[in-house]
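Spelled out, the chains give:
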Amino acid sequence: MPIIPVLTGPTGAGKTELALRLGRLFPLAVVSADASMVYRGMDIGTAKPSQAEREAVQHHLIDVVWPDQPFSVSDFIHLAEEAIERTLEQGQVPLVVGGTGYYIRALSQGLHMLPEPDPAVQAELWGIVEKQGIEPLLQELEHASPEDARRVQRNPRRLVRALEVLRRTGVPPARFPRRAPRFRYRKLVLWPAWAWLEPRLELRVERMFAQGLVQEVEGLLAAYPQMPTALQGIGYKEVAGYLRGAYSLEEARKAIVSATRAYAKRQYTWFRKEPGTVTFLPHGDDEAWPGVLDWFRQALE
């Protein structure tokens with residue numbers, strides 16, 4: 001069984017551009033492991049590779065569903081393994097790229113075999129999120145299963161799913177058996193110093209506003225007034241609040257910068273304990289390129 005390379009790390013570390021540079025040198029296809037890039041029309045706020053870049057280097061699991069459609073980690077596993085298999089059959093190298101640690105962990109370690117979702121129970125939980133925020137639900141999950149509370153990483157969609165399973169079955173998701181992964185993986189985690197990454201995160205947010213983030217969210221809300229899951233994405237949630245009159249545009253910008261920093265810190269915490277064959281590269285962007293190139297060549301051996 002071939003070992004599948006995975007390029008991951010915190011947001012803003014340069015994963016997309018480094019994968020594109022690899023794709024210009026090697027016959028590979030990118031399998032995206034980003035929970036937001038699966039949504040069509042959510043381009044600027046997700047820093048999605050452009051259409052031209054995706055034509056130059058084949059990408060899978062981008063623009064999979066509309067923003068008002070559900071997409072679960074089990075959907076991701078199914079589509080990712082299909083894409084990996086298809087890429088191998090075509091004689092190319094599948095390169096998994098993305099910063100959604102939960103997706104990568106489930107793909108490489110196996111997914112807990114949970115019961116099918118119950119929309120009614122989830123709707124009740126989403127009502128609590130909308131009225132009270134995630135803290136009451138997070139405390140409930142923490143009390144029942146600290147492991148699951150860490151795993152959801154304050155992600156509302158994962159939190160709602162975990163509590164839905166817990167309330168229905170009395171058993172937290174972490175105690176369900178795992179389905180074995182179909183492939184083995186070799187991971188490279190970009191691990192730049194926080195002092196290097198933090199200023200780039202604010203620049204990243206500024207660039208999104210300059211590219212038209214507000215207009216993108218405005219169009220999405222007009223087309224999909226009911227898109228609760230997609231709207232939880234960083235940038236989309238805050239701009240939607242501004243458009244609905246909850247706060248000023250400057251307050252929305254500051255909230256996005258703060259949420260992006262917090263997310264990156266959670267990614268560091270998550271990837272620090274990444275299981276399996278893992279290499280940590282203490283660089284990002286151009287500084288990481290020699291190490292990424294070296295690692296990928298070794299992965300092909």
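Preceding block: the structure.
Summarised in this report is the structure supplied together with it. Source: prediction; values computed, not measured. Throughout this document, residue positions are counted from 1 along each chain, in the order its sequence is written. Whole-chain, interface and lining totals are the exception, using all residues; otherwise, since this is a predicted model, local features are given only for residues with pLDDT of at least 70 and side-chain atom pairs are given and counted only at 80 or more. Water and hydrogen atoms play no part in the side-chain values, which are based on all heavy atoms of the structure.

Overview of the nonpolar core
- Membership of the largest hydrophobic core comes to 46 residues, with the highest contact counts inside it found for Phe-76, Val-96, Tyr-185 and Leu-213.
- Helix numbers and strand numbers start at the N terminus; a helix is a DSSP run of H or I with at least 4 residues, a strand a run of E with at least 2. Elements with a minimum of two residues in this core: strand 1 (3-8), helix 3 (73-89), helix 4 (101-109), strand 7 (184-190), helix 9 (194-211), helix 10 (213-223), helix 11 (236-243) and helix 12 (249-272).
- Looking at this core, the element that brings in the most residues is helix 3, giving six residues.
- Those residues in contact with Val-96 that sit more than four places away from it in its chain are Ile-4, Pro-5, Val-6, Leu-7, Val-31, Ala-33, Ile-84, Leu-107 and Tyr-185. Nonpolar cores are built from buried Ala, Val, Leu, Ile, Met, Phe, Trp, Tyr and Cys residues. Side-chain atoms within 4.5 Å join them into one set. Each residue gets one of three labels from its accessible area relative to the maximum for its type: buried under 20%, exposed over 50%, partly exposed in between, using a 1.4 Å probe on protein chains only. Contacts: residue pairs with any heavy atoms within 4.5 Å of one another.

As for the side chain of His-112
- Note on placement: His-112 falls in strand 5 (residues 111-112).
- Given the relative accessible area of 13%, His-112 is considered buried.
- Here a polar contact is taken to be a pair of N or O atoms separated by no more than 3.5 Å, where protein atoms must pair a possible hydrogen donor with a possible acceptor and residues adjacent in sequence count only if both atoms sit in side chains. At 2.7 Å, the side chain of His-112 and the backbone oxygen of Phe-176 are in polar contact.
- Polar side-chain contacts of His-112 include one of 3.4 Å to the side chain of Arg-178.
- Residues in contact with His-112, not counting those within four places in the same chain, are Pro-173, Ala-174, Phe-176, Pro-177 and Arg-178.

Concerning the packing of helix 9 against helix 12
- Angles here are taken between N-to-C directions and fall from 0 to 180 degrees, while the axes themselves are lines fitted to C-alpha atoms, restricted in helices to the stretch in contact. Contact pair helix 9 / helix 12: the axes reach a minimum separation of 10 Å and the direction vectors enclose 140°. When the interaxial angle is binned, helix 9 and helix 12 end up oblique. You can see that helix 9 and helix 12 cross each other, and the crossing is right-handed. Contacts from Trp-194, Leu-197, Glu-198, Leu-201, Glu-202, Val-205, Glu-206 and Phe-209 in helix 9 reach Leu-249, Arg-253, Ile-256, Val-257, Thr-260, Arg-261, Ala-264, Lys-265 and Tyr-268 in helix 12.
- Tallied by class, the residues present in the contact of helix 9 with helix 12 amount to 10 nonpolar, one polar and six charged. Here roughly perpendicular refers to angles of 65 to 115 degrees, roughly parallel to angles under 35, roughly antiparallel to angles over 145, and oblique to all remaining angles. For a crossing to be left-handed, the near helix must be turned anticlockwise from the far one by less than a right angle; the clockwise case is right-handed. Only Asp, Glu, Lys and Arg are considered charged in this grouping, and only Ala, Val, Leu, Ile, Met, Phe, Trp, Tyr, Cys and Pro are considered nonpolar; every other residue, Gly among them, is considered polar.

With respect to the packing of aromatic side chains
- Geometry of aromatic contacts follows a simple scheme: Phe, Tyr and Trp rings, the Trp one being its six-membered ring, pair when their centres are within 6.5 Å, and the pair is stacked under 30 degrees between planes, edge-to-face over 60, tilted otherwise. Enumeration according to the criterion identifies seven aromatic pairs in this entry.
- Aromatic ring contacts, followed pair by pair, group Trp-191, Trp-194, Tyr-268 and Phe-280 into a single cluster.
- One Lys or Arg, Arg-40, reaches over the ring of Trp-66 and ends 4.6 Å from the middle of that ring.
- The lysine or arginine in question, Arg-200, covers the ring of Trp-196, its NZ or CZ lying 3.8 Å from the ring centre. In this analysis the charged atom, NZ for Lys or CZ for Arg, is taken to sit over a ring once it is within 6 Å of the ring centre and within 35 degrees of the ring normal.

Digging into the layout of surface pockets
- By volume, the second largest pocket is sized at about 870 Å³.
- Every definition here rests on a 1 Å grid over the protein atoms only: cavities are sets of points where a 1.4 Å probe fits but cannot get out, pockets are open sets enclosed by protein on both sides within 12 Å along at least five of seven lines, and lining residues have some atom within 4 Å of a point. As for the second largest pocket, its lining consists of 34 residues, of which Phe-71, Ser-72, Pro-117, Gln-122 and Arg-161 are closest to the centre. Grid points are joined across faces, edges and corners, and a volume is the space filled by probe spheres set on the points.

Observations regarding the packing of helix 11 against helix 12
- The contact between helix 11 and helix 12 brings their axes to 9 Å, and the two run at 165°. As far as their axial angle goes, helix 12 and helix 11 are roughly antiparallel. Relative to helix 12, helix 11 is oriented so that their crossing is right-handed. Between helix 11 and helix 12, the residues in contact are Glu-238, Val-239 and Tyr-242 and Leu-249, Ala-252, Ala-255, Ile-256 and Ala-259, respectively.

Overview of the pairing of strand 4 (residues 93-97)
- Taking burial as the measure, the five residues of strand 4 include five buried ones, the bulk of the element.
- Of the two faces of strand 4, the one carrying Val-93, Leu-95 and Val-97 and the one carrying Pro-94 and Val-96 are both buried.

Some points on the sheet that holds strand 1
- Read from one edge of the open sheet, six strands run 3-2-4-1-7-8, paired in parallel fashion. Lying at the two open borders of the sheet, with one neighbouring strand each, are strand 3 (59-60) and strand 8 (277-281). One requirement defines pairing of two strands: DSSP has to find at least two bridges between them.

Some remarks on the pairing of strand 2 (residues 28-32)
- Extensive coverage of strand 2 is indicated by the burial of five of its five residues.
- Side-chain alternation along strand 2 places Leu-28, Val-30 and Ser-32 on one buried face and Ala-29 and Val-31 on a second face that is also buried.
- Both strand 2 and strand 3 contribute to a ladder of two bridges, which runs parallel. Each bridged residue has a counterpart across the sheet, and for Val-31 the counterpart in strand 3 is His-60.
- After leaving strand 2, the chain enters helix 2 (residues 51-56) and then returns to the sheet as strand 3, a path that is right-handed. With strands facing away from the observer, any crossover in which the path from the first strand over the helix to the second runs clockwise is taken as right-handed.

Here's the deal with the environment of Lys-265
- Secondary-structure assignment places Lys-265 in helix 12.
- Its relative accessible area of 46% is what places Lys-265 among the partly exposed residues.
- Lys-265 sits 93 residues away from Pro-172 along the chain, and the two C-alpha atoms are 25 Å apart.

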